[in-house]
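Report on the structure
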Amino acid sequence: MDELDILKKDWKKKENSFNQLTEKEIYGMLHKKSSSIVKWILVISILEIAFWSILGFFTADENYLKTLEQYHLRDVMPIITTINYAVILFFIYLFYKNYKTINTTDTVKQLMRTILKTRKTVQNYVWYNLIMTFFSMVLVVVFQLKYDPNIEKVFNNMSTTMDSNLFYLMVTFFYIIVILVVIGFIWLFYRLIYGILMKRLNNNYKELKKIDL
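Let us look at the structure shown here. From a predicted model like this one, the values you see are computed outputs, not experimental measurements.

Here's the deal with the overall build of the chain
Of regular secondary structure, the chain possesses six helices and zero strands. The secondary structure elements of the chain, listed N-terminal to C-terminal, are α-α-α-α-α-α. Counting over 213 residues, the chain shows a buried share of 29%. At a minimum sequence separation of 6, the contacts of the chain that also span at least 24 residues come to 88%. Element-wise, carbon and sulfur atoms account for 66% of the exposed surface of the chain, whose accessible area totals about 14900 Å².

Set out below in structure tokens:
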């Protein structure tokens, strides 16, 4: 073997070592970035439940309780609220668990699996909140239309000039628009906050996939 072959062989070894070192550095960077993203998901979910808890504390006054009593929902709504908080706290626990898992992950495949699991948890969390909001609003609207005396007065006044079925159709259409607008705003909020984090996490996953190949 001549000197040129020896130099080529030595250069190839150094090149391989350099590539391995680069991959380790890339993995370390992606691991750190992914851990930070998952931490922010956890923090935002905690801030979110704290915000709604504080808002609920200040709005649950005597008038609110009287309204629930009037709509025959005073016994039902606390049960729904308790279940809702329990489910959200469970999701927060899952976010915390994902955060702890991603911090102790030491391989590319494990990190990729944790990213996928986190993405799925966030998607389920968003869908749960949208469905629960929709269900709660529909429940309130149905009982309001049935028991609210103000709506009954309006109905009695309008019944002389408008068909009753048409009136209820218009009121139902109005409430459907309101519900869809509220759900749309909530979806946009989650799309803006969690969507940005999920996009960054997905980019990290794609980069890790290149390393894994």
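Describing the packing of aromatic side chains
Using the criterion set out here, one finds 13 aromatic pairs in the structure. Relative to Tyr 190, the ring of Tyr 125 lies with its centre 6.1 Å away and its plane at 70°, an arrangement referred to as edge-to-face. Placement of Tyr 125 in helix H4 (residues 108-147) and of Tyr 190 in helix H6 (residues 164-212) is noted, with a sequence separation of 65 residues between them. For Tyr 125, a relative accessible area of 1% translates into the label buried. One aromatic cluster is present, built from ring pairs that chain together Phe 90, Phe 91, Tyr 93, Phe 95, Tyr 125, Tyr 128, Phe 189, Tyr 190 and Tyr 194.

Regarding the pattern of salt bridges
Opposite charge on two side chains lets them pair, provided their charged atoms get close. Evaluated as defined, the whole model comprises two salt bridges. A salt bridge links Glu 62 to Lys 66; the shortest N-O distance between them is 3.5 Å. Of this pair, Glu 62 and Lys 66 both sit in helix H2 (residues 62-70), four residues apart, which is roughly one turn of that helix. Neither Glu 62 nor Lys 66 differs from the other in exposure class; each is exposed. In this structure, Glu 69 engages Arg 74 in a salt bridge whose closest nitrogen and oxygen atoms are separated by 3.5 Å. The class for Glu 69 is partly exposed, based on a relative accessible area of 47%.

Thoughts on the environment of Lys 33
Relative to the helices and strands, Lys 33 resides in helix H1 (residues 3-59). Remark: the alpha-carbon pair of Lys 33 and Arg 200, spanning 167 residues in sequence, is separated by 8.8 Å.

Quick notes on helix H3 (residues 76-104)
Over its 29 residues, H3 runs 43 Å from end to end, which matches the ideal 42 Å to within 8%, given 1.5 Å per residue. For H3, the set of buried residues is Met 77, Ile 80, Asn 84, Ile 88, Phe 91, Ile 92, Phe 95, Asn 98 and Ile 102.

Overview of the nonpolar core
Most often, soluble globular proteins keep nonpolar side chains buried together rather than apart. Grouped together as the largest cluster of nonpolar side chains are 45 residues, with contacts concentrated most on Ile 41, Phe 95, Val 122, Tyr 125, Tyr 194 and Leu 208. Contributions of two or more residues to this core are made by H1, H3, H4, helix H5 (149-158) and H6. Excluding anything up to four places from it in sequence, Leu 208 contacts Tyr 27, Leu 30, Val 108, Leu 111, Met 112 and Ile 115.

With respect to the side chain of Asp 148
Structurally, the position occupied by Asp 148 is in the loop between H4 and H5. Classification of Asp 148 by relative accessible area gives buried; the value is 6%. Within polar-contact distance, the side chain of Asp 148 engages the backbone nitrogen of Asn 150 at 2.9 Å. The residues contacting Asp 148, other than those within four sequence positions of it, are Gln 70, Tyr 71 and Phe 143.

Conventions and cut-offs
- Residues numbered from 1 in each chain as written.
- Predicted model: local features only at pLDDT ≥ 70, side-chain atom pairs only at ≥ 80, totals over all residues.
- Heavy atoms only, no water.
- Helix = DSSP H or I, 4+ residues; strand = E, 2+ residues; numbered from the N terminus.
- Buried < 20%, exposed > 50% of the residue type's maximum accessible area, 1.4 Å probe, protein only.
- Contact = heavy atoms within 4.5 Å.
- Areas by Shrake-Rupley, 256 points an atom, 1.4 Å probe, with all protein chains shown as cover.
- Phe/Tyr/Trp six-rings, centres within 6.5 Å; stacked < 30°, edge-to-face > 60°.
- Salt bridge = Lys/Arg side-chain N within 4 Å of Asp/Glu carboxyl O.
- Expected span 1.5 Å × (residues − 1).
- Core = buried A, V, L, I, M, F, W, Y, C linked by side-chain atoms within 4.5 Å.
- Polar contact = N/O pair within 3.5 Å; in protein donor to acceptor, adjacent residues only side chain to side chain.

Any functional reading would require information beyond the geometric quantities listed.
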